[in-house]
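# Observations on chain architecture
Chain by chain, the residues run as shown.
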Amino acid sequence: MSELQEYFGETHNMVRNTVRKFVDREIRPFVDQWEEQGEFPRELYRKAGDAGILGIGFPEAYGGSGGDLFHKIAAVEELMRCGSAGVVAGLGSLDISIPPILSLGTEEQKVRFVRPVLRGDRISALGVTEPNAGSDVAGIQTKAVRQGDHYVVNGSKMYITSGARANQLTCAVRTGGKSYRGISFLVIESDTPGYSVSEKLRKMGWWASDTAQIFFDECKVPAQNLLGREGQGFYGIMENFQAERLQLSVMANMTAQIALEESVRYSREREAFGRPISGFQVTRHKLADMATLVEASREFVYRVAAKIDAGKNQVKEISMAKNFACMVSDRVTYDAVQIHGGAGYMREYLVERLYRDNRILSIGGGTQEIMKEIISKHILGK
Amino acid sequence: MNIVVCIKQVPDTETQIKIASDNKSIVTDDIKWVMNPYDEFGVEEALRLKEKFGGEVTVVGLGPKRVTESLRTALAMGADKAVLITDDALEGSDSLAVAKALAAAIKDLEYDLIFTGQRGVDDDMGVAGASLAELLGIPHVALAVKVEVAEDGKSVKVHRPVEGQTLVIESGLPVLITAQKGLNEPRYASLPGIMKAKKKPLDEKSLSDLGLDSAQFGQEGRKVKVLELTPPPERAAGKIVEGETPQEKAAELARLLHEEAKVI
């Protein structure tokens, strides 16, 4: 008999325990309140920073905690157990805004913009989407014009996770011509004159995370905040998408997993026609289908993650994994609410939130349709 | 200042405990095991004292191999080395036997302070710490919520809550202190700490390594025997007080409290 090949070893399990303890102590008791309030306390960033949770997956040289992709997955999975994907998305806005700084930035930029964020002292967000440019990343209109040692930025960024209180925005701007080659990344600090923020946007789900529109009006950004060279932004955005899509796949799997667990529990407790509904074949088969889908999706995502961790190109596979995971979580959260009946429509029950929170997963980080474009290009050629 | 912390591994406090078919033990199949929370306060306190006074923190655990994970967690928090007492003959030992094995492992270590949890959250005996101090011939101060070691590192003041007051006990060193909730807020084992812990020494000792006779341990060696485990009674269904008016309902409630519940 050969030994079982595992993705998670002892250190991963210990990370899991640490994050689980953190969730039990610092998040779970307050999570319903934060959901209703529409944000979690800023202090949570500091606490997660102190516990080294924010730094998982980032180099120790810049205040990170080190670790491989499966340490990160273990942490995200346990964070999702808090029951609010909004909290996870809010804490996780650094996961999409810090990598471009690490891959394109100078030593000075990394020290200045990465350390305080991983410590939890500053909040970092990513600004790519605009009112008129989402999936069409190359269509970004926010303009940055070089004037001496500054860029003057004009335009706006839309649906920015952690946007309402971010201290710094890793922001895609147009410094050159119309094509994707004209896009660059600037780190724009929120106290820069000409930077302003909308009210928190009211959303279908992810209530505990703040989302905002950000405006730049003759915003003077020091030229030293440019990441890499002018024109490197598009590459940075695309590279960044891999990690984001993996993370969203993991979030989808956990959303489905928790919806399944809630449904199993509820179906044992809830009685109809004189017996628990778990005794009816219609419920049992539904749960069997849900469990099968969750299992398949989780294994698929782990496999793709293992290949990414080993440095293999997985652009096609991660697009497939994200779509598959989101399809599974769409189906499973739908069925979970169905099993709960009227109760599933009530905020009192977790599946109601899971159902709402799930909806963004097949939109953010590249829509389902864009994923299919990527996959089909790989299959058919351009 | 050298400090020893004893660690017990217990079922996670959220585990649904099921009683095994022998009615004397619990089903351990699906249990998630964690470091006893009271021991965790001991680890944290030891680490804080080490940060102030220097020295080493040694964690000592007892039980099957899985206890390694709790010891590694303590190492990841910052302890320097670990000892695991593991031996099939230990299975089923009572608190006194556990204290004997711990004493044998600790007596040759250099220590100024020993921390144990005030009790394990599984059996709730609260005996191992005091027994260990007795076997080592050192003083024992229970239920610490504050530990102040003198600047010269030669004595300690321990605060213990008693009926809304605080009792402050002073002792010379070495001393064994049992940790109570409120002593501190334990730190998290961070990933860099976890990676470092992999390289820290973890010694395994069997009963014979410690010069102990295995006949004194396990079920046979128990001074205290478990006769039976029973689950807490199931909560009965609630009762809705009937009545047309608030007055009628109140009168009915008063009658029920008097006649049925017999509380008024």
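Numbering of residues begins from 1 in every chain and follows the order in which that chain's sequence is written. Throughout, the order in which chains and ligands are written sets their labels, letters from A for the former and numbers from 1 for the latter. Totals for whole chains, interfaces and linings use all residues, but because this is a predicted model, local features are given only for residues with pLDDT of at least 70 and pairs of side-chain atoms are given and counted only at 80 or more. The side-chain quantities take in all heavy atoms of the structure and omit both hydrogens and water.

## Thoughts on the interface of chain B and chain A
Test applied: By definition, residues are in contact when any of their heavy atoms lie within 4.5 Å. The buried area of a pairing is the accessible area, by a 1.4 Å probe, that goes missing from both parts when the two are put together, added over both. In what follows, salt bridge is the name for a side-chain nitrogen of Lys or Arg lying within 4 Å of a carboxyl oxygen of Asp or Glu. Helical segments are the DSSP runs of H or I of at least four residues, strand segments are the runs of E of at least two, and each set is numbered from the N terminus. We call Asp, Glu, Lys and Arg charged. Ala, Val, Leu, Ile, Met, Phe, Trp, Tyr, Cys and Pro are nonpolar, and the rest, Gly among them, are polar.
Taken together, the contact between chain B and chain A spans 17 residues of the former and 19 residues of the latter. Of the roughly 1,700 Å² buried between chain B and chain A, counting both surfaces, carbon and sulfur atoms make up 59%. On the chain B side of the contact with chain A, Tyr188(B), Leu191(B) and Ile194(B) bury the most area, a combined 41% of that side's loss. Between chain B and chain A we count 3 salt bridges in total. Linking Glu10(A) and Arg72(B) is a salt bridge whose minimum nitrogen-to-oxygen distance equals 3.7 Å. At the level of secondary structure, the elements contributing two or more residues to the side of chain B that touches chain A comprise α2 (67-77) and α5 (191-197) of chain B. Grouping the amino acids of the side of chain B that touches chain A by side-chain chemistry returns 8 nonpolar, 2 polar and 7 charged.

## Brief notes about the side chain of Thr73(B)
Among the secondary structure elements, Thr73(B) is positioned in helix α2. Dropping the residues within four chain positions of it, Thr73(B) is found in contact with Met14(A), Met35(B) and Ala189(B).

## Considerations on the pattern of salt bridges
All names here are of chain A. Defined as follows: The cut-offs for exposure are 20% and 50% of the maximum accessible area for each residue type, with area from a 1.4 Å probe on protein chains only; residues under the lower value are buried, those over the upper are exposed, and the others partly exposed.
Inspection of every chain in the model, using the stated rule, returns 45 salt bridges over all chains. Put simply, Glu78 and Arg16 hold a salt bridge, and the shortest N to O gap is 2.9 Å. Remark: Arg16 occurs in helix α1 (residues 10-27) and Glu78 occurs in helix α4 (residues 69-80); sequence separation between them is 62 residues. Judged by relative accessible area, Glu78 falls into the buried class, the value being 6%. You can call Arg16 buried: its relative accessible area is 14%. Notably, a salt bridge pairs Glu39 with Arg165, separated by 4.0 Å at the nearest N-O pair. Linking Glu39 in the loop between α2 (31-37) and α3 (43-50) with Arg165 in the loop between β3 (150-161) and β4 (168-174), this pair joins segments that are 126 residues apart in sequence. Given a relative accessible area of 28%, Glu39 falls into the partly exposed group. The exposure class assigned to Arg165 is buried, which follows from its relative accessible area of 13%. Within this structure, Arg16, Arg20, Glu77 and Glu78 form a network of salt bridges that share partners.

## Focus on the sheet that holds strand β4 (residues 57-62) of chain B
All names here are of chain B. Applied cut-off: At least two DSSP bridges between two strands are needed for those strands to be called paired. All axes here are fitted lines through C-alpha atoms, helices being fitted over the stretch that makes contact, and every angle between N-to-C directions spans 0 to 180 degrees.
Taken together, the 7 strands give an open sheet; going across it, the order is β7-β11-β6-β1-β4-β5-β12, and neighbouring strands pair in parallel fashion. Of all the strands in the sheet, the pair left with one neighbour each is β7 (140-144) and β12 (202-205). Each strand axis lies, on average, 20 degrees off the axis of its neighbour in the sheet, ignoring direction. With 3 bridges connecting them, β7 and strand β11 (residues 175-179) associate as parallel partners. Looking at β11, one finds that Ala144 is bridged to Ala179.

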